[in-house]
Amino acid sequence: MSLATDFERVSLELENAFTIARGTQETVENVVVHVRDDDGTVGVGAAAPSAHYGETAATVEAVLPELLAVVEDVGDPHRLDRIERRMRETVERNPAARCAVSIALHDLVCKRLDVPLYRYWGLDPEAAVSTSYTIGIDTTERVAEKTETAVERGYSTLKVKVGTDRDEEIVSTVRERAPDATIRVDANEAWTPREAVRKIDALAAYDLEFVEQPVPAGDPDGLEFVRNRSALPIAADESCVTLEDVPQIAGRVDVANLKLMKCGGLREATRMIHAARAHGLEVMLGCMVETNVAIAAAAHLAPLLDYADLDGSLLVADDPYDGVPMPAGEIDLESLDRPGTGARHA
Ligand code: MG
């Protein structure tokens with residue numbers, strides 16, 4: 001067997017400019033990877049690089065030739081463990097680039113076997129949790145409008161970005177416009193531990209589910225300080241990047257927020273999910289702003305999760321790809337009528 005590979009950059013325009021505590025994005029660049037077998041079956045994957053973790057579309061494109069040389073050298077897409085191990089040995093950093101290849105290989109393997117990815121893994125589609133829909137930082141008026149749109153579209157769980165000097169106004173606006181929604185907030189490292197305790201105390205009045213990454217990633221003791229003094233559960237995102245981080249956050253937070261683009265692949269994500277559970281953590285799977293080529297793969301892990309935040313493609317105005325159906329945020333794996341991740345040109 002031999003494998004052929006290629007990749008291309010895809011520009012994604014966001015429906016709304018997306019602002020979090022550390023910056024604003026209007027367009028996002030992903031890199032789509034193809035792996036083709038002798039029969040002409042093509043697996044597709046994507047990298048959604050995050051500058052916060054040192055990656056851009058250009059760094060992904062710079063290392064993909066080395067990673068795809070590993071794929072072509074091994075030559076058998078079913079040797080997923082071997083390929084992922086050798087990719088990690090070849091390019092230790094650049095997890096989004098490795099992840100693109102991991103997704104393309106899983107898609108190819110499942111297409112060769114003619115099963116959707118969740119069935120390949122033996123997961124129960126009925127156990128899939130729904131995804132939240134994210135409301136970025138904006139003027140109070142725009143936050144109100146975005147919340148109304150989200151409610152109209154049927155999203156029952158909203159994730160609200162905070163970390164401003166008017167967080168309470170933002171959260172109260174969302175709660176007023178979405179009285180029945182489950183609301184979680186994400187501070188993206190914006191607060192000091194003492195500030196976080198004060199802020200969370202005030203925000204707890206709006207009936208929130210949990211607070212994500214209140215303090216900087218480099219301060220695990222700060223996370224523990226906040227968790228021990230807060231009325232709301234605490235999730236770690238920027239503090240939970242790779243498998244080795246899981247024991248570091250255990251006992252310091254309640255929820256581990258994993259992302260494919262942080263950990264470097266589907267097999268590593270699965271290991272992190274089980275490690276987090278073994279350490280008594282609840283598990284959330286999040287995303288960057290991502291095309292469905294990447295989101296579709298993450299969606300197949302939904303049966304293993306407590307919380308999903310897989311709205312990356314829902315925030316994109318013109319995603320060229322379809323993926324797993326997510327009507328009103330419900331990750332509907334059972335209705336997927338094609339093998340692999342389900343990603344295909346829209
Ligand atoms: Mg986050």
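Residues numbered from 1 in each chain as written. Predicted model: local features only at pLDDT ≥ 70, side-chain atom pairs only at ≥ 80, totals over all residues. Heavy atoms only, no water.

1. Here we look at helix α5 (residues 140-152)
Between the first and last C-alpha of α5 there are 18 Å, a value that for 13 residues agrees with the 18 Å anticipated at 1.5 Å per step. Residues of α5 that are buried: V143, A144, K146, T147 and A150. End-on, the buried residues of α5 take up no more than an arc of 165°, which puts them together on one face. Turned more than 90 degrees away from the buried face of α5 sit E141 and E152, all of them exposed. Buried-residue contacts for α5 involve β1 (4-20), β4 (133-135), β5 (157-161) and α6 (167-177). One or two steps after α5, the chain reaches G154, where phi turns positive at roughly 95°. (Helix = DSSP H or I, 4+ residues; strand = E, 2+ residues; numbered from the N terminus. Expected span 1.5 Å × (residues − 1). Buried < 20%, exposed > 50% of the residue type's maximum accessible area, 1.4 Å probe, protein only. Arc of directions from axis to C-beta. Contact = heavy atoms within 4.5 Å.)

2. Observations concerning the domain arrangement of the protein
Size of an interface: often given as the accessible area lost when the parts come together. Examined at the domain level, the protein breaks down into domain 1 (4-114) and domain 2 (119-345). Summarising the inter-unit geometry, the C-alpha centres of domain 1 and domain 2 are found 22 Å apart. Contacts between the two partners involve 44 residues from domain 1, matched on the other side by 49 residues from domain 2. Interface area for domain 1 against domain 2, summed over the two sides, is near 3600 Å², with a carbon-plus-sulfur share of 62%. Of all residues in domain 1, the largest losses of buried area upon contact with domain 2 belong to E15, F18 and Y53, amounting jointly to 15% of the total for that side. Two residues, R22 and E189, come together in a salt bridge whose shortest N-O distance is 3.0 Å. Scanning the region where domain 1 abuts domain 2 turns up 13 residue pairs in polar contact (both at pLDDT 80 or more). Residue assignment for the side of domain 1 that touches domain 2 shows that the elements contributing at least two residues are β1, β2 (23-36), β3 (42-47), α2 (80-90) and α3 (95-113). (Domains from an automatic or database assignment. Buried area = accessible area lost by both parts, 1.4 Å probe. Salt bridge = Lys/Arg side-chain N within 4 Å of Asp/Glu carboxyl O. Polar contact = N/O pair within 3.5 Å; in protein donor to acceptor, adjacent residues only side chain to side chain.)

3. Notes on the pairing of strand β7 (residues 208-212)
Here is the key point about a regular strand: its side chains alternate between the two faces of the sheet. Of all five residues in β7, four are buried; the element is thus mostly enclosed. Pairing geometry for strand β6 (residues 182-186) and β7, over three bridges, is parallel. Bridging across to β7, V185 finds its partner in V211. Pairing of β7 with strand β8 (residues 234-236), which is carried by two bridges, proceeds in the parallel orientation. What sits directly across from V211, in β8, is I234. Regarding the hand of the β-α-β motif, the stretch spanning β7, helix α8 (residues 220-229) and β8 is right-handed. (Pairing = 2+ DSSP bridges. Right-handed = clockwise from strand over helix to strand, strands pointing away.)

4. A closer look at unusual backbone geometry
Phi angles above zero are rare outside glycine, and N94 is one such case at about 55°. With respect to the helices and strands, N94 occurs in the loop between α2 and α3. Overall, the relative accessible area of 16% leaves N94 in the buried class.

5. A few points about the pattern of salt bridges
Pairs can form between side chains of opposite charge once their charged atoms are near each other. For the structure shown, the criterion picks out 30 salt bridges. Put simply, R86 and D73 hold a salt bridge, and the shortest N to O gap is 2.9 Å. With R86 in helix α2 and D73 in helix α1 (residues 57-74), this residue pair connects regions lying 13 residues apart in the sequence. Accessibility expressed as a relative area gives 52% for D73, which makes it exposed.

6. Digging into the coordination of the magnesium ion
Around the magnesium ion, the donor atoms from the protein are D186 (OD), E212 (OE) and D237 (OD), and they sit 2.0 to 2.3 Å away. On the primary sequence, the residues serving as donors to the magnesium ion are separated as D-x25-E-x24-D. Within this pair, whereas D186 is found in strand β6, its partner E212 is found in strand β7, the two being separated by 26 residues in sequence. Since its relative accessible area comes to 0%, D186 is described here as buried. Take E212: its relative accessible area is 0%, and that puts it in the buried class. (Donors = N, O, S within 2.8 Å, 3.2 Å for Na, K, Ca; no water.)

7. Here's the deal with the side chain of T157
Within the fold, T157 resides in strand β5. In contact with T157, not counting residues within four places along its chain, are T131, S132, Y133, T182, R184 and E209.

8. Looking at the packing of α2 against α3
One can describe the packing of α2 onto α3 by two numbers: an axis separation of 11 Å at closest approach and a directional angle of 170°. Taken as axis vectors, α2 and α3 run roughly antiparallel relative to one another. Mapping the contact onto sequence places L80, I83, E84, M87 and R88 in α2 and R98, V101, S102, L105, H106 and V109 in α3. Of the residues contributing to the contact of α2 with α3, the split by class is six nonpolar, two polar and three charged. (Axes fitted to C-alpha atoms, helices over the stretch in contact; angles between N-to-C directions. Parallel < 35°, antiparallel > 145°, perpendicular 65-115°, else oblique. Nonpolar A, V, L, I, M, F, W, Y, C, P; charged D, E, K, R; others polar.)

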